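Architecture at a glance
One-letter residues, chain by chain:
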Amino acid sequence: MLDLNVFPPNFRWGTATAAYQIEGAAHEDGRGISIWDVFSYTPGNVKKGDSGDVACDHYHRYAEDFKLMKELGMNSYRLSISWPRILPKGRGEINEKGLAFYDRLIDELLKNGIEPYVTLYHWDLPQALQQLGGWANRDTVDAFEEYARIVVNRLGDRVKNWITHNEPWCAAFLGHGAGVHAPGLKDVGVSMQVAHHLLLSHGKAVRVIKEHDSSHKVGITLILGPSHAASDSPEDVAAAARHDAFLNTIYLDPLYGKGYPRVLFDHIPALAPKVQEGDLEIIATETDFLGVNYYQRSIVKHSEQLPFNFDGVRPPGPEFTFFDWEVYPKGLYEVLTRVHQDYAPKEIFITENGATFEDTLTEDGQVHDEQRRFYIERHLKSVQDAISEGVPVNGYFAWSFLDNFEWAEGFEKRFGLVYVDYATQNRHVKDSGKWYSKLVKEALGAV
Ligand SMILES: OC[C@H]1NNC[C@@H](O)[C@@H]1O
């Protein structure tokens, strides 16, 4: 199935995580409160009332985690910085203990020969900024720029690869339109303005990073997926085009200098974001790579449902993950070839790809997760096929290194290559992790 010779010799093989999902120590060493702490503490928002208070206790266990990561042979690791650890109030007073933690974390990674890819924002906005309107308030763009400058100035001598935002679609729509993520708002118009402010803050952060050191690589991570029409009827085809704009091109187009997609905002003109003079130029500031997170495709039909007049149709499967997401590896190939053709990023990294299945820890500490292994193998084959056609994919970060806090699903949904027994915090490498380790070592010529 896989031909590792197709992957470039300097290909980055790793895993990805995010601060709120693994660190724990939510009230330690001066960390401020984030919108996800508030959202998790609000009854009904997160399954079983779970929160990131302890999570994988990575804040205290990072050295053992990175030792394991090294043993598994990975050469890269994508992590995120907790903004409220650095600036407990979002702006102003800096928490030195927060910066010192990330000093230790990065130093430990480098000691293990693992290249850090750092995400500046993975959804954990300081609550103090939310109280001033959060991402719906354009001032938060400036706050993010200040935060980015502090982090890059402190870690920029050791971190050379930066991701400004993780999945702005989730932060904007799930958090402000659907209300199922923090801060739990349900206003589509606000979610569109939030999307704009997230993109604007991305552009500002790119410039901060490049001013610090123009040799650093910077990009943004988007969650992307094909929008397939449920039928070839003009109504369904038009609905799928609007959905593609809603999920994909609302971000891709402005990032690559094309402005916002009219196919969407001609349909919902009243919900279009307020854009100031110069904003689109800042958003389109040149980047070095695009981070692609891929999980599934969408099948879309016309609907009377406002404001978008589209609705999802259950995909045919036949395979579905524990999240009830269809297993559709071809969709990653479709995304990669489309992005390459329509936007031509200099480089692409798969910054997340993975699946949940109902993992069981055996008496002897094993997790036989063949479904996850097979999922990853087929998606890597899609990456291989895209590379064979000239798409410049230079890295794959499996989601995730560890089982972790899966947002509104809490700890029930496990994505890790490594199983976390939360009662003991013991780590157990799953069969998928052992397979991935062997593959990575072979790819890197380490076997
Ligand atoms: O749902 C799985 C992952 N998707 N992308 C963002 C991550 O934070 C999620 O855990």
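Just so it is clear, the structure is predicted and the values come from calculations on it, not from any experiment.

1. Things to note about the packing of aromatic side chains
What the rule picks out here adds up to 44 aromatic pairs. Pairing F323 with F415 gives two aromatic rings, centres 6.1 Å apart and planes at 50°, and the pair type is tilted. Here F323 is found in the loop between β9 (310–312) and α13 (330–342), whereas its partner F415 is found in the loop between β11 (393–399) and β12 (418–421), with 92 residues between them in sequence. With respect to class, F323 is no different from F415; both count as buried. The side chain of R85 reaches across the aromatic face of F101, ending 5.6 Å from its centre. Between the NZ or CZ atom of R314 and the centre of the ring of F320, over which it lies, the distance is 4.0 Å.

2. What to know about the sheet that holds β9
Sheet architecture is open: 3 strands sit in the order β6-β8-β9, paired in mixed fashion. Every interior strand has two partners, whereas the edge strands, β6 (227–229) and β9, have only one. If you compare each strand with its neighbour and ignore which way they point, the axes differ by 45° on average. Against the sheet, helix α10 (residues 234–255) makes contact with β6, β8 (298–302) and β9, and its axis sits at roughly 130° relative to β8, the strand it touches most.

3. Side note on α10
By the largest-angle criterion, N248 marks the main kink of α10, which is about 60°. Of all 22 residues that make up α10, 17 are buried, and the element is covered over most of its length.

4. A word on the site of the ligand
Near the ligand, the surroundings consist of Q21, H122, W123, N166, E167, Y295, W325, E352, W399, E406, W407 and F415. Separating a nitrogen atom of the ligand from a side-chain N or O atom of E167 is a distance of 2.7 Å. W407 is positioned such that a nitrogen or oxygen atom in its side chain is 2.8 Å from an oxygen atom of the ligand. Coverage of the ligand by the protein amounts to 95% of the 280 Å² it exposes when considered alone. The residue makeup of the shell around the ligand, split by class, is 6 nonpolar, 3 polar and 3 charged.

5. What about a nonpolar patch on the surface?
The grouping of I33, V38 and Y41 at the surface amounts to a nonpolar patch, some 220 Å² of accessible area in total. Note on I33: relative accessible area 32%, which makes it partly exposed.

6. Topic: the pattern of salt bridges
Enumeration over the complete set of coordinates arrives at 39 salt bridges. For the salt bridge of E108 with K111, the shortest nitrogen-to-oxygen distance reads 3.2 Å. Of this pair, E108 and K111 both sit in helix α5 (residues 96–111), separated by 3 residues, roughly a single helical turn. The buried category is assigned to E108, whose relative accessible area is 14%. Looking at K111, the relative accessible area reads 61%, which means it is exposed.

So, how was this worked out
Residues numbered from 1 in each chain as written. Predicted model: local features only at pLDDT ≥ 70, side-chain atom pairs only at ≥ 80, totals over all residues. Heavy atoms only, no water. Phe/Tyr/Trp six-rings, centres within 6.5 Å; stacked < 30°, edge-to-face > 60°. Helix = DSSP H or I, 4+ residues; strand = E, 2+ residues; numbered from the N terminus. Buried < 20%, exposed > 50% of the residue type's maximum accessible area, 1.4 Å probe, protein only. Lys NZ or Arg CZ within 6 Å of the ring centre and 35° of its normal. Pairing = 2+ DSSP bridges. Axes fitted to C-alpha atoms, helices over the stretch in contact; angles between N-to-C directions. Contact = heavy atoms within 4.5 Å. Bend = angle between axes of the 7 residues up to and from the residue. Near = heavy atom within 4 Å. Polar contact = N/O pair within 3.5 Å; in protein donor to acceptor, adjacent residues only side chain to side chain. Areas by Shrake-Rupley, 256 points an atom, 1.4 Å probe, with all protein chains shown as cover. Nonpolar A, V, L, I, M, F, W, Y, C, P; charged D, E, K, R; others polar. Patch = residues over 30% accessible without salt bridge, like charges linked within 9 Å, V, L, I, M, F, W, Y side chains within 5 Å. Salt bridge = Lys/Arg side-chain N within 4 Å of Asp/Glu carboxyl O.

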